[in-house]
Amino acid sequence: MKNPIFIISFCLAAALMLLSGLQLHASVVSGRVVDDEGNRLPAALVELVNVETDRSYGTTTNIDGAFEISVEAGIYSLKISYMGYEEKSLRVDATSDKDLGRLVMRATAIGLQEVMVVSSFARDRQTPVAISNISAEAITERLGTQEFPQLLQSTPSVYATRDGGGFGDGRINMRGFDSNNIGVLINGVPVNDMENGRVYWSNWAGLSDVTETMQVQRGLGASRLAISSVGGTINIITQSTDANKGGTILYGIGHDGYRQESVSLSTGMLDNGWAVTALGGRRTGEGFVRGLDFEGWSYFLNVSKRVNRNHTLSLTAFGAPQWHNQRWPRMRIQTYRDHPDGIRYNPSLGVMNGEKVSASFNQYHKPQISLNHYWSIDDQTTLSTAAYVSISSGGGRRIVGERNDWLQYNRDTGLPTDATKLTPDGLLDFDAVMAENALSETGSKAIKAMAVNSHDWYGVLSTLQHEYDDFITLTGGVDLRYYRGYHYQEITNLLGGTHFEDFSDVNQDPSVRLKEGDKINYHDLGEVMWGGLFAQAEYTTDEYSAFVSATGSLTNYRRTDYFDYADDDPMQQTDWVDFFAWSFKGGANYNITDRHNVFANAGYFTRAPFFRWAFVGHTNIVNEDVRHERVFSTEVGYGLRTPLAAANIILYRTEWLDRALVRNLGQGVIANITGLNALHQGIEMDATLRPTDKLEVRAMFSYGDWNWQDDLTAEIFDDQQVFIDSIEVYAGGLRVGNSAQTTAALGISYEVLDGLRLGFDVNHFDRLFADFDPVDRGDFETRGTDSWQMPSYQLVDLNMRYRFEFAGLNATLIANVNNLFNTEAIRDATDGRSFNYDTALVYYGWGRSWTTTLRIRF
């Protein structure tokens with residue numbers, strides 16, 4: 001692995017160094033960018049375009065908001081952009097050196113800069129971490145019907161898919177780590193599930209409508225919070241209140257019945273200091289895969305009040321209620337090939353009472369409301385506090401019961417069993433099941449039931465920042481959270497029967513016949529209390545920047561089981577189980593010149609085990625032997641910034657130590673898997689070339705070497721923590737699955753006419769191994785056998801944006817075609833028993849899809 005990494009690094013570095021020298025200049029344009037109160041604006045983007053040749057020069061302002069660009073003598077158009085501020089344009093005569101003095105930017109969003117402080121938003125050539133930024137414009141122009149995470153698939157070391165293909169069912173891996181190990185923040189507030197660390201993107205399916213920017217921080221990242229940033233951090237900043245009065249109307253159509261409508265309104269900043277921005281939207285469609293109908297709504301409200309120069313209050317509420325059918329389970333490749341629907345085949349699709357229905361269904365609503373107070377204590381000190389609440393409801397519906405095999409496929413083979421009831425055209429036959437249930441004197445044998453996973457989540461996040469002097473900034477704060485997760489199955493449809501019999505609830509009267517709305521199988525409550533402290537010291541000059549940060553967090557778990565323990569049993573509710581975790585990280589950046597910079601960072605942290613590992617199986621027995629996970633990560637990088645090009649090369653190494661895994665063997669017997677380590681290392685490269693104002697070329701390449709490190713022995717204990725036996729796990733040397741270890745991308749965007757920009761993106765994925773559980777590798781004869789390597793594939797996407805005036809209003813027409821060549825690519829796979837093509841269970845990605853959207857601003 002070392003040879004290709006270092007050869008590629010050397011070649012690219014040599015090319016970038018050569019490119020950085022290919023500039024001949026005659027004039028210097030300089031200036032200082034400030035806001036309307038005179039505050040400096042570092043890292044503002046400054047661009048000069050020669051009005052005759054269209055040649056483009058660019059740079060960013062330094063810590064003092066100053067910039068200096070060497071250009072060929074001529075007349076230029078100057079454009080300055082900074083997030084949350086109105087773009088500034090002016091004409092510059094650069095036939096000789098030109099000092100533009102103070103350039104004042106006008107804010108367009110209220111409170112946005114304060115949110116970016118709370119969110120630990122990283123700055124180019126200042127924050128020593130690997131970052132990629134996705135603007136609101138890029139999201140609008142390239143999203144189409146893709147899932148939100150798929151916007152990041154051209155980012156180094158990122159692999160994002162739709163998984164089953166349902167609305168919001170997308171997944172993302174970063175540097176080989178899944179979403180359990182990727183911190184996701186929305187306006188600085190963590191949204192990873194408090195019990196298992198996962199991110200359910202269906203909860204945020206409409207978030208793209210209100211996103212101002214999205215920043216990916218690969219590796220440990222810049223977040224000051226104690227979050228699960230093993231693979232990286234996704235930092236999403238939503239819109240704040242617009243300082244300008246106006247709004248937008250959007251309407252879009254697309255493949256397979258796709259429709260999108262949204263409208264936004266803003267009052268702008270009123271004379272009394274109040275401002276309100278609101279947005280509402282709706283998406284609906286049938287999906288590429290058969291039977292994946294969906295409907296999703298999104299809403300956003302921000303009300304801000306500038307009390308005075310030192311105090312601002314901001315109330316934000318957003319959410320995305322949705323329902324969608326799903327595709328489940330994964331199937332063998334030959335099954336898709338043999339079925340008339342091909343890669344559109346959905347094994348969950350069935351017929352009931354003459355209408356198409358799905359055996360797999362999801363609905364959820366997770367609103368989030370936050371009240372933010374921004375206090376400028378003095379010229380050097382600010383305090384930003386967010387109090388938030390999220391009360392969610394919903395879950396996933398499946399077929400349950402002693403004869404659920406009537407409406408299911410074999411999970412191991414993805415094939416129908418002898419019991420599966422199918423119509424003549426191969427759909428699940430709900431009518432046949434209803435007929436069976438109607439004849440049963442002991443109630444329905446197969447029913448529809450919703451696995452409810454709702455929660456109440458309350459939190460306070462407060463950040464104090466003090467500028468000690470011109471170079472040193474001190475930051476500290478507190479992160480407090482309380483979470484209650486409600487878990488149970490609820491009967492939603494008896495499918496023709498009179499009742500349902502289930503005796504899982506020890507508190508239930510056995511003579512009671514269960515009806516729709518009753519709970520079955522399990523009912524428990526998971527509580528999490530979290531208290532965290534964080535502190536950071538940052539040193540910044542034009543030439544050097546460095547930071548050190550530390551966190552400490554106390555996580556407390558408590559479980560209440562309403563089914564397996566009697567109401568008068570003191571074991572029905574556990575005591576609080578606590579875990580203390582900590583982290584320490586630091587980094588430094590050196591701007592060698594105004595074009596070249598190098599950086600490095602390193603960190604070590606411990607992480608509390610997830611809720612499910614703290615207890616034995618689905619019981620209230622505390623797992624005394626579960627361990628903290630440990631992560632040690634290092635990263636070095638080089639950056640190039642010239643008027644024509646920007647590029648980065650990064651080498652990383654992450655050691656994941658003592659991964660917490662517990663195998664539940666049933667009857668209160670568990671195996672704590674300790675000492676399972678993984679090593680994720682690799683190289684990342686990305687570059688952007690802008691030879692003219694009209695042309696932009698983007699390129700990316702990443703090569704990962706991600707492996708499980710050790711064979712080990714796991715000890716098995718009974719529910720009294722008495723040792724029973726041991727099992728062997730042969731995971732050493734196996735390649736990590738579920739994410740492409742080699743990715744590459746090329747994108748070109750060109751403004752062919754005034755206002756009309758065309759672009760395409762090509763993405764390549766290789767060295768992608770099927771997902772597997774390393775704990776299941778207990779057969780010595782298969783030791784060292786990797787999971788099935790999926791075929792490499794390439795996807796080509798097209799996009800078009802046309803800006804024009806319509807009835808005196810600014811309008812934008814956007815068109816997208818994803819997977820232009822209709823490539824049939826296996827994007828998700830679970831390894832089979834033979835580690836090969838024949839037994840792997842897979843999902844194909846979507847074929848060709850398209851959307852067209854019209855947006856009008858007023």
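Our structure's up above, just so we're on the same page.
Residues numbered from 1 in each chain as written. Predicted model: local features only at pLDDT ≥ 70, side-chain atom pairs only at ≥ 80, totals over all residues. Heavy atoms only, no water.

### Regarding the overall build of the protein
A count of helices and strands for the protein gives 5 helices and 51 strands. Overall, the C-alpha framework of the protein stretches about 95 × 60 × 55 Å when taken along its three principal axes. Buried residues in the protein amount to 57% of all 858 residues. Pairs at least 24 apart in sequence give 69% of the contacts found in the protein among residues at least 6 apart. With an accessible surface of roughly 34,500 Å², the protein has 53% of that area assigned to carbon and sulfur atoms. In the protein, 73 positive and 106 negative side-chain charges are present, and the distance between their average locations comes to 5 Å. (Helix = DSSP H or I, 4+ residues; strand = E, 2+ residues; numbered from the N terminus. Buried < 20%, exposed > 50% of the residue type's maximum accessible area, 1.4 Å probe, protein only. Contact = heavy atoms within 4.5 Å. Areas by Shrake-Rupley, 256 points an atom, 1.4 Å probe, with all protein chains shown as cover. Lys, Arg positive; Asp, Glu negative; His and termini not counted. Charge placed at Lys NZ, Arg CZ, Asp CG, Glu CD.)

### Here's the deal with the environment of Ile-69
Mapped onto the elements, Ile-69 comes out in strand β4 (residues 66-71). Ignoring any residue separated from it by four or fewer positions in sequence, one finds Ile-69 in contact with Ser-27, Val-28, Val-29, Val-46, Leu-48, Tyr-57, Gly-58 and Thr-59.

### Section: a nonpolar patch on the surface
The grouping of Ile-249, Val-263, Leu-265, Leu-809 and Phe-858 at the surface amounts to a nonpolar patch, some 420 Å² of accessible area in total. Note that Leu-809 resides in strand β48 (residues 809-818). A relative accessible area of 31% means that Leu-809 is categorised as partly exposed. (Patch = residues over 30% accessible without salt bridge, like charges linked within 9 Å, V, L, I, M, F, W, Y side chains within 5 Å. Salt bridge = Lys/Arg side-chain N within 4 Å of Asp/Glu carboxyl O.)

### Structural notes on helix α5 (residues 430-439)
Within α5, burial applies to Phe-430, Val-433, Met-434 and Asn-437. Relative to the axis of α5, the buried residues are bounded by an arc of 100 degrees and lie together on one face. Tucked into the core, α5 has its buried residues touching β24 (349-352), β25 (355-358), β28 (381-400), β29 (428-429) and β30 (447-467). Between the side-chain oxygen of the N-cap and the backbone nitrogen of Asp-431 there are 3.2 Å, and the N-cap of α5 in question is Asp-429. (Arc of directions from axis to C-beta. Polar contact = N/O pair within 3.5 Å; in protein donor to acceptor, adjacent residues only side chain to side chain.)

### So, the pattern of salt bridges
For the coordinates displayed, the defined rule picks out 37 salt bridges. The residue Glu-86 makes a salt bridge to Arg-106 at a minimum N-O spacing of 3.5 Å. Taken together, the positions of Glu-86 in the loop between β5 (74-81) and β6 (88-94) and Arg-106 in the loop between β7 (98-105) and β8 (109-110) put the pair 20 residues apart, joining distant regions of the chain. Exposure remark for Glu-86: the relative accessible area of 36% places this residue in the partly exposed category. The partner of Arg-630 in a salt bridge is Asp-658, with the nearest N and O atoms 3.3 Å apart. In this pair, Arg-630 sits in strand β36 (residues 629-641) while Asp-658 sits in the loop between β37 (645-657) and β38 (661-666), placing the two residues 28 residues apart along the sequence. Several salt bridges share partner residues, and in doing so they unite Glu-47, Lys-79, Arg-690 and Asp-693 into one network.

### Quick notes on the pairing of strand β1 (residues 27-35)
Burial analysis of β1 places 7 of its 9 residues in the buried class, which makes it a mostly covered element. Relative to β4, β1 runs antiparallel, the two sharing 6 bridges. Residue pairing across strands places Arg-32 opposite Ala-66, the latter belonging to β4. The pairing of β1 with β7 spans 6 bridges and is parallel. Bridge pairing in β7 places Asp-35 opposite Met-105. (Pairing = 2+ DSSP bridges.)

### Some remarks on the sheet that holds strand β49 (residues 826-830)
Taken in spatial order, the 3 strands line up as β23-β50-β49 in an open sheet, and their pairing is antiparallel. Since the sheet does not close on itself, it has two edges, and those belong to β23 (331-332) and β49, each with one partner. Relative to strand β50 (residues 841-844), β23 is paired through 2 bridges, and the arrangement is antiparallel. Across the sheet, the residue bridging to Met-331 is Val-842, located in β50.

### Considering the sheet that holds β1
Strand order in the open sheet made by the 3 strands is β4-β1-β7, with mixed pairing throughout. Both edges of this open sheet fall to β4 and β7, since each of them pairs with a single strand only. Within this sheet the neighbouring strands show an average axis-to-axis angle of 20 degrees, counted without direction. (Axes fitted to C-alpha atoms, helices over the stretch in contact; angles between N-to-C directions.)

### A few points about unusual backbone geometry
That bond from Trp-328 to Pro-329 is cis: its omega, 0 degrees, falls within 30 degrees of zero. Along the polypeptide, Pro-329 turns up in the loop between β22 (322-325) and β23. In this structure, Arg-175 takes a positive phi of about 55 degrees despite not being glycine. Tracing the backbone shows Arg-175 in the loop between β11 (171-174) and β12 (182-186).

### Things to note about the side chain of Asn-799
Mapped onto the elements of the fold, Asn-799 is located in strand β47 (residues 793-806). A relative accessible area of 12% means that Asn-799 is categorised as buried. In this view, Asn-799 contacts Glu-141, Arg-142, Arg-757, Leu-758, Gly-759, Phe-760, Asp-761, Ala-815 and Asn-816; residues no more than four positions away in its chain are not counted.

### Here we look at the packing of aromatic side chains
Within this structure, the stated rule accounts for 23 aromatic pairs. Relative to Trp-201, the ring of Phe-148 lies with its centre 6.2 Å away and its plane at 70 degrees, an arrangement referred to as edge-to-face. Of this pair, Phe-148 sits in the loop between α3 (136-142) and β10 (158-161) while Trp-201 sits in the loop between β13 (189-190) and β14 (211-218), and the two are 53 residues apart along the sequence. Just as Phe-148 is buried, Trp-201 falls in that class too. Considering the side-chain rings of Tyr-557 and Phe-579, the 5.8 Å spacing of their centres and the 55 degrees angle between planes classify their relative orientation as tilted. In this pair, Tyr-557 is assigned in strand β33 (residues 544-561) and Phe-579 in strand β34 (residues 577-591), connecting sequence segments 22 residues apart. We note Arg-162 situated over the ring of Trp-846; from NZ or CZ to the ring centre the distance is 3.5 Å. Of note, Lys-519 hangs over the ring of Tyr-488, and the distance from its end group to the ring centre comes to 4.6 Å. (Phe/Tyr/Trp six-rings, centres within 6.5 Å; stacked < 30°, edge-to-face > 60°. Lys NZ or Arg CZ within 6 Å of the ring centre and 35° of its normal.)

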